[in-house]
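Chain by chain, the residues run as shown.
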Amino acid sequence: MSCFTFDNKKVYYEENGSGTPLLFLHGNTASSKMFTDFSKRYTDSYKVILIDFLGHGRSERLSEFPADLWFYESQQAIAFLRHKHYDKVNIIGCSGGAIVALNVALEASECVDKVIADSFEGEKADEAFVKNLLSDRSSSLEDTNARGFYSYMHGDDWEQIVHNDTSAIIRHSKEVVNFFHKPISDLKAKVLLTGSKGDKFMYSVAHDYYEKVYGNMLEKLTNGSMHLFEYGDHPAMMTNQDEFYKLSMEFLA
């Protein structure tokens, strides 16, 4: 089991394959286990890196998640890249991990070449989004499949992790709001924004959610593009695996 230290706590990571580093970043209430099988597709071409953010998966636990959670997680990823002396890495992040990926590219541009940001909220917390998420989160705790997912991601203490995450999202929406500390127009990395038109959660917030949110972001990005899959759910990359793999390999090449 490989770990590095951040904030005096152990962060789990694993590396497979060889070549240019390709870092996968998991979303909220998940861990790198969500990528275990899918990421193997990339190991013939890239050195695939999986990380569990502090408080998740096989990393050391936190008693509470900070309100500025996604920025805090980006600092962990940056610390890892600098610990390993990696530069010009490619990053694929989904959901909350997409926000983290963009933060990494903004805060450590020298470390990042390309970013695929999949199925995420945009630039700042949206009141309707947070309201829907809290309702969805509450019902998931009573859902057998969701409980099984949480348990597989984290182990027996999954309920505390879900609670910590929910608390952080609420506090972020009230105290922080913005996901990024710098304007996204500062991004130097080449960026691909992806999502699915079948994403029931996102499109329950607005009928044109990704089109509007991603469209607004692309007006500020000098080197950005968007791809929306016709089918699949949330996150798009895991519900359109074959199509996403082909698209991502073309983008990263």
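One structure accompanies this document, and this report is about it. (Residues numbered from 1 in each chain as written. Predicted model: local features only at pLDDT ≥ 70, side-chain atom pairs only at ≥ 80, totals over all residues. Heavy atoms only, no water.)

Quick look at the sheet that holds strand 4 (residues 46-51)
Spatially, the eight strands line up as an open sheet ordered 1-2-4-3-5-6-7-8, and their pairing is mixed. Strand pairing shows two members of the sheet lacking a second neighbour, strand 1 (2-6) and strand 8 (224-229), which therefore form its edges. Pairwise comparison of adjacent strand axes, ignoring direction, gives a mean angle of 25° for this sheet. Bridge count for strand 3 (residues 20-25) against strand 4 is five bridges, and the pairing is parallel. (Pairing = 2+ DSSP bridges. Helix = DSSP H or I, 4+ residues; strand = E, 2+ residues; numbered from the N terminus. Axes fitted to C-alpha atoms, helices over the stretch in contact; angles between N-to-C directions.)

Some remarks on the side chain of Arg 137
Relative to the elements of secondary structure, Arg 137 occurs in helix 3 (residues 127-140). Exposure remark for Arg 137: the relative accessible area of 9% places this residue in the buried category. Not counting residues up to four positions away in its chain, the partners in contact with Arg 137 are Thr 29, Tyr 150, Val 162, Asp 165, Thr 166 and Ile 169. (Buried < 20%, exposed > 50% of the residue type's maximum accessible area, 1.4 Å probe, protein only. Contact = heavy atoms within 4.5 Å.)

Let's talk about helix 1 (residues 69-83)
Within an α-helix, residues lying three or four positions from one another point in the same direction, as the helix has 3.6 residues per turn. In this model, helix 1 (15 residues) spans 21 Å end to end at C-alpha, consistent with the 21 Å of a helix rising 1.5 Å per residue. Along helix 1, 11 of the 15 residues are buried, which leaves the element largely enclosed by surrounding structure. Here helix 1 has its buried residues at Leu 69, Trp 70, Phe 71, Tyr 72, Glu 73, Ser 74, Gln 76, Ala 77, Ile 78, Phe 80 and Leu 81. (Expected span 1.5 Å × (residues − 1).)

Structural notes on the packing of aromatic side chains
Taken as a whole and judged by the stated rule, the model has 20 aromatic pairs. Centroid distance Tyr 209 to Tyr 210: 5.9 Å. Interplanar angle 80°. Geometry classified as edge-to-face. No difference in accessibility class separates Tyr 209 from Tyr 210, as the two residues are buried. Here the aromatic residues Phe 24, Phe 35, Phe 38, Tyr 42, Phe 229, Phe 244 and Tyr 245 are joined through ring pairs into a cluster of three or more. A cation sits over an aromatic face here: Lys 33 above Tyr 152, 5.0 Å from the ring centre. Note that Lys 114 overlies the ring of Phe 251, its terminal NZ or CZ placed 5.8 Å from the centroid. (Phe/Tyr/Trp six-rings, centres within 6.5 Å; stacked < 30°, edge-to-face > 60°. Lys NZ or Arg CZ within 6 Å of the ring centre and 35° of its normal.)

Considerations on empty space enclosed by the protein
Applying the stated rule across the entire model yields one cavity of 30 Å³ or more. Roughly 40 Å³ of volume is contained in the largest cavity. Along the walls of the largest cavity sit His 26, Gly 27, Asn 28, Phe 53, His 56, Trp 70, Glu 73, Gly 96 and Gly 97, which together make up its complete lining. Within the lining of the largest cavity, the residues separate by chemical class into two nonpolar, six polar and one charged. (1 Å grid on protein atoms, 1.4 Å probe; cavity = no way out; pocket = protein on both sides within 12 Å on 5 of 7 lines; lining within 4 Å. Points joined across faces, edges and corners; volume = space filled by probe spheres on them. Nonpolar A, V, L, I, M, F, W, Y, C, P; charged D, E, K, R; others polar.)

Let's talk about the layout of surface pockets
To find the voids left in a structure, one rolls a probe of water-molecule size over its atoms. Considered as a void within the structure, the largest pocket measures approximately 840 Å³ in volume. Taken together, the elements giving at least two residues each to the lining of the largest pocket come down to helix 2 (96-107), helix 3, helix 4 (144-154), helix 5 (158-175) and helix 6 (200-205). Considering each element in turn, the lining of the largest pocket owes the most residues, eight residues, to helix 3. Looking at the lining of the largest pocket residue by residue, the class counts come to 19 nonpolar, 12 polar and five charged. Quantified by volume, the second largest pocket comes out at close to 310 Å³. In this structure, the second largest pocket is lined by 14 residues; those nearest its centre are Glu 121, Lys 124, Asp 126, Val 213 and Asn 216.

Points about unusual backbone geometry
In this model, His 234 is joined to Pro 235 through a cis peptide bond whose omega is -5°. Structurally, the position occupied by Pro 235 is in the loop between strand 8 and helix 8 (236-239). If you check the backbone angles, Asp 7 has positive phi at about 55° while not being a glycine. Assignment of secondary structure puts Asp 7 in the loop between strand 1 and strand 2 (9-16). Assessed through its relative accessible area of 49%, Asp 7 is described here as partly exposed.

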